[in-house]
Amino acid sequence: MTDIKVGQIWQEVDPRHPRFVLILDNSTWKNHVRITTIVKEEEGWVASSGRATLANRKRFHGKRGGYQFVEDGR
């Protein structure tokens, strides 16, 4: 498992719909990280909504049902 760091971009492993998230904070409540959904546009990565959510740290494993590492962003 890759070390989860603030600013990294991860993709949800789901063949039906590509979803990318940005790590906002990795030291939040219990075993969760704070994320927000982002989209790739010509000028780069842009937040698709202003809403932040929590994701369980165990989902960042690169397999279906979780998230796979894409790149170090920002």
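Counting restarts for each chain: residues are numbered from 1 in the order of the written sequence. Where totals are concerned, whole chains, interfaces and linings use all residues; where local detail is concerned, this predicted model gives features only for residues with pLDDT of at least 70, and gives and counts side-chain atom pairs only at 80 or more. Heavy atoms from the whole structure form the basis of all side-chain values; hydrogens and water molecules are not counted.

### A look at the confidence of the model for the chain
(1) Moving on: Here the chain averages 89 in pLDDT, while 95% of its residues score no lower than 70.
(2) Moving on: pLDDT measures how confident the predictor is about each residue, on a scale from 0 to 100. Helix and strand definitions follow DSSP, with helices as H or I runs of at least four residues and strands as E runs of at least two, each counted in order from the N terminus. Taken element by element, the chain is modelled with least confidence in strand S4 (residues 44–47), mean pLDDT 88, and with most confidence in strand S1 (residues 8–12), mean pLDDT 95.

### Some words on the pattern of salt bridges
Close approach of charged atoms allows side chains of opposite charge to pair.
(1) Moving on: Salt bridges are defined as contacts in which a side-chain nitrogen from Lys or Arg sits within 4 Å of a carboxyl oxygen from Asp or Glu. Tallying each qualifying case throughout the model produces three salt bridges.
(2) Moving on: We note a salt bridge from Glu12 to Arg59, for which the minimum N-O separation is 3.1 Å. Of this pair, Glu12 sits in strand S1 while Arg59 sits in the loop between strand S5 (53–56) and strand S6 (67–72), placing them 47 residues apart in sequence.
(3) Moving on: Classification of Glu12 as buried rests on a relative accessible area of 16%.
(4) Moving on: We note a salt bridge from Asp14 to Arg16, for which the minimum N-O separation is 2.9 Å.
(5) Moving on: Members of the salt-bridge network, linked through shared partners, are Glu12, Arg19 and Arg59. Note on exposure labels: buried denotes an accessible area under 20% of the residue type's maximum, exposed denotes more than 50%, and partly exposed covers the range between, all computed with a 1.4 Å probe on protein chains only.

### Quick notes on the pairing of S4
(1) Moving on: In this scheme, strands are said to pair when DSSP sees at least two bridges between them. In this sheet, S4 lies alongside strand S3 (residues 32–41) in antiparallel orientation, the contact comprising four bridges. Counterpart to Glu41 in the pairing with S4 is Gly44.
(2) Moving on: The antiparallel hairpin formed by S3 and S4 contains two residues in its connecting segment.

### A look at the environment of Pro15
(1) Moving on: With respect to the secondary-structure elements, Pro15 resides in the loop between S1 and strand S2 (20–25).
(2) Moving on: Considering only alpha carbons, one finds Pro15 and Gly62, 47 residues apart in sequence, at a separation of 13 Å.

### Things to note about the side chain of Thr36
(1) Moving on: Position of Thr36 among the secondary structure elements: in strand S3.
(2) Moving on: Contacts are residue-level and defined by heavy atoms, with any inter-residue pair within 4.5 Å sufficient. Once residues within four sequence positions are removed from consideration, Thr36 is found in contact with Phe20, Val21, Leu22, Leu24, Ser49 and Arg51.

### Quick look at the nonpolar core
(1) Moving on: Grouped together as the largest cluster of nonpolar side chains are nine residues: Ile4, Trp10, Val21, Ile23, Val33, Ile35, Ala55, Phe60 and Tyr67.
(2) Moving on: Breaking this core down by element, the ones donating at least two residues are S2 and S3.
(3) Moving on: Remark: nonpolar core denotes a set of buried residues (Ala, Val, Leu, Ile, Met, Phe, Trp, Tyr, Cys) joined through side-chain atoms within 4.5 Å. Of all hydrophobic cores here, the second largest spans five residues; its members include Phe20, Leu22, Ile38 and Trp45.

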